[in-house]
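Chain by chain, the residues run as shown.
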Amino acid sequence: PNALVTQYIPELADTAYGDATVRHVMDMTIGVQYSENYTDANAEVRAYGIAAGFSPPPPGYAGPDTIFDFLRTLKKQGEHGQAFAYKTCNTEVLAWIVQRVTDTPMAQLVSERIWQKIGADESACFTVDAAGYALADGGFNATLRDYARFGQLWLDGGGGIIPPAWI
């Protein structure tokens, strides 16, 4: 947790994450210019939506068209570790770190470490960007019954899959 993000993702060296630790990302205390104001046409979440494939690009758009490319555009704003602020981009950075550390795609990680262990009846799927990267902030699709199994995992204190202290 105390390692720099760039130890795992050197591609983020010239971004808001260049001097941030993994702990900052996990705690959502990153000093990053990223607005989640969906009604603001200039908010970073709008560019995120285009990169994720949630929204079509406007005419003449020349910005990023994948999540990894989008994350490379984020600039620092404020200091890391100062205050909690949920920002979708941090979820994507954390997922990128996890995939880089494990050398395993997110869909495979979720399947092997959670989905198969809860006895899911059906396969689940992630929404992916144009490069095929599974979005970590949302877009996870499953049956209602299997979501209930996941909820039961939480009610069971992690069910031996997730550490109870984390729950």
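First things first, this report covers the structure right here in the doc. Along each chain, the written sequence defines residue order, and numbers are assigned to residues from 1. The predicted origin of the model limits local features to residues at a pLDDT of at least 70 and limits the giving and counting of side-chain atom pairs to 80 or more, whereas totals for whole chains, interfaces and linings rest on all residues. Side-chain metrics in this entry use all non-hydrogen atoms of the structure; hydrogen atoms and water are not considered.

Details of the nonpolar core
Considering soluble globular proteins, one finds that nonpolar side chains tend to be buried as a cluster.
Turning to step 1, where the next piece is worked out: Among buried residues, the Ala, Val, Leu, Ile, Met, Phe, Trp, Tyr and Cys ones that are joined through side-chain atoms within 4.5 Å form a nonpolar core. Three labels apply to residues, based on accessible area from a 1.4 Å probe with only protein chains included: buried if under 20% of the type maximum, exposed if over 50%, partly exposed otherwise in between. Grouped together as the largest cluster of nonpolar side chains are 31 residues, with contacts concentrated most on Y17 and L71.
Turning to step 2, where the next piece is worked out: Numbering of helices and strands starts at the N terminus; helices are DSSP runs of H or I of at least 4 residues and strands are runs of E of at least 2. If you list the elements that add at least two residues to this core, you get helix 2 (22-27), helix 3 (44-52), helix 4 (67-71), helix 5 (88-102) and helix 6 (106-115).
Turning to step 3, where the next piece is worked out: Residue contributions to this core peak at five residues, all from helix 5.
Turning to step 4, where the next piece is worked out: Contacts are assigned to residue pairs with any non-hydrogen atoms lying within 4.5 Å of each other. In contact with L71, not counting residues within four places along its chain, are L12, T15, C89, E92, V93 and W96.

Looking at the side chain of D146
Turning to step 1, where the next piece is worked out: Here D146 is to be found in helix 7 (residues 144-155).
Turning to step 2, where the next piece is worked out: A relative accessible area of 1% places D146 in the buried class.

Observations regarding the layout of surface pockets
Turning to step 1, where the next piece is worked out: When its volume is computed, the largest pocket comes out at roughly 1300 Å³.
Turning to step 2, where the next piece is worked out: Put simply, the grid is 1 Å and covers the protein atoms alone, a cavity is a trapped set of points that fit a 1.4 Å probe, a pocket is an open set with protein on both sides within 12 Å along at least five of seven lines, and lining residues have an atom within 4 Å of a point. Around the largest pocket, the lining comprises 29 residues; the ones closest to its centre are V98, M106, V110, I114 and W166.
Turning to step 3, where the next piece is worked out: With seven residues, helix 5 is the single largest residue contributor to the lining of the largest pocket.
Turning to step 4, where the next piece is worked out: All amino acids are sorted into three groups, where Ala, Val, Leu, Ile, Met, Phe, Trp, Tyr, Cys and Pro are nonpolar, Asp, Glu, Lys and Arg are charged, and the leftover types, Gly among them, are polar. Here the residues of the lining of the largest pocket are counted per class, giving 25 nonpolar, three polar and one charged.
Turning to step 5, where the next piece is worked out: Counted as a void, the second largest pocket has a volume near 200 Å³.
Turning to step 6, where the next piece is worked out: Contributing to the lining of the second largest pocket are 13 residues, with N42, A43, E44, A47 and F70 lying nearest its centre.
Turning to step 7, where the next piece is worked out: If you tally residues by element for the lining of the second largest pocket, the top one is helix 3, at four residues.
Turning to step 8, where the next piece is worked out: The residue makeup of the lining of the second largest pocket, split by class, is seven nonpolar, three polar and three charged. Grid points are joined across faces, edges and corners, and a volume is the space filled by probe spheres set on the points.

Comments concerning helix 7
Turning to step 1, where the next piece is worked out: One fewer than the residue count of a helix, multiplied by 1.5 Å, yields its expected span. With twelve residues, helix 7 ought to run about 16 Å at 1.5 Å a step, and its terminal C-alpha atoms sit 16 Å apart, in line with that.
Turning to step 2, where the next piece is worked out: Phi turns positive one or two residues past the end of helix 7, at G157, with a value near 70°.

Concerning the pattern of salt bridges
Turning to step 1, where the next piece is worked out: Throughout this description, the term salt bridge denotes a Lys or Arg side-chain nitrogen within 4 Å of a carboxyl oxygen of Asp or Glu. Using the criterion set out here, one finds seven salt bridges in the structure.
Turning to step 2, where the next piece is worked out: The closest approach of N and O atoms between D69 and R72, which form a salt bridge, is 3.6 Å.
Turning to step 3, where the next piece is worked out: On the basis of relative accessible area, D69 is assigned to the partly exposed category, the value being 31%.
Turning to step 4, where the next piece is worked out: Salt-bridge contacts for E79 lead to K76; the nearest nitrogen and oxygen are separated by 3.7 Å.
Turning to step 5, where the next piece is worked out: On the basis of relative accessibility, which here comes to 52%, the residue E79 falls in the exposed class.
Turning to step 6, where the next piece is worked out: A relative accessible area of 32% places K76 in the partly exposed class.
Turning to step 7, where the next piece is worked out: Here the salt bridges share partners, and the residues they tie into one network are D19, K76 and E79.

Remarks on the packing of aromatic side chains
Turning to step 1, where the next piece is worked out: Each Phe, Tyr or Trp ring (for Trp, its six-membered ring) is paired with any other whose centre lies within 6.5 Å, and the angle between the two planes then decides the class: stacked below 30 degrees, edge-to-face above 60, tilted in between. For the structure on display, the rule yields ten aromatic pairs.
Turning to step 2, where the next piece is worked out: Here F150 and W154 contribute two aromatic rings whose centre-to-centre distance is 6.1 Å and whose plane-to-plane angle is 75°, an arrangement assigned as edge-to-face. Here W154 and F150 lie together in helix 7, a separation of four residues that amounts to about one turn.
Turning to step 3, where the next piece is worked out: In this structure W154 comes out as partly exposed when scored by relative accessible area, which is 32%.
Turning to step 4, where the next piece is worked out: Taken together, Y34, Y48, F54 and F70 form an aromatic cluster joined through their ring pairs.

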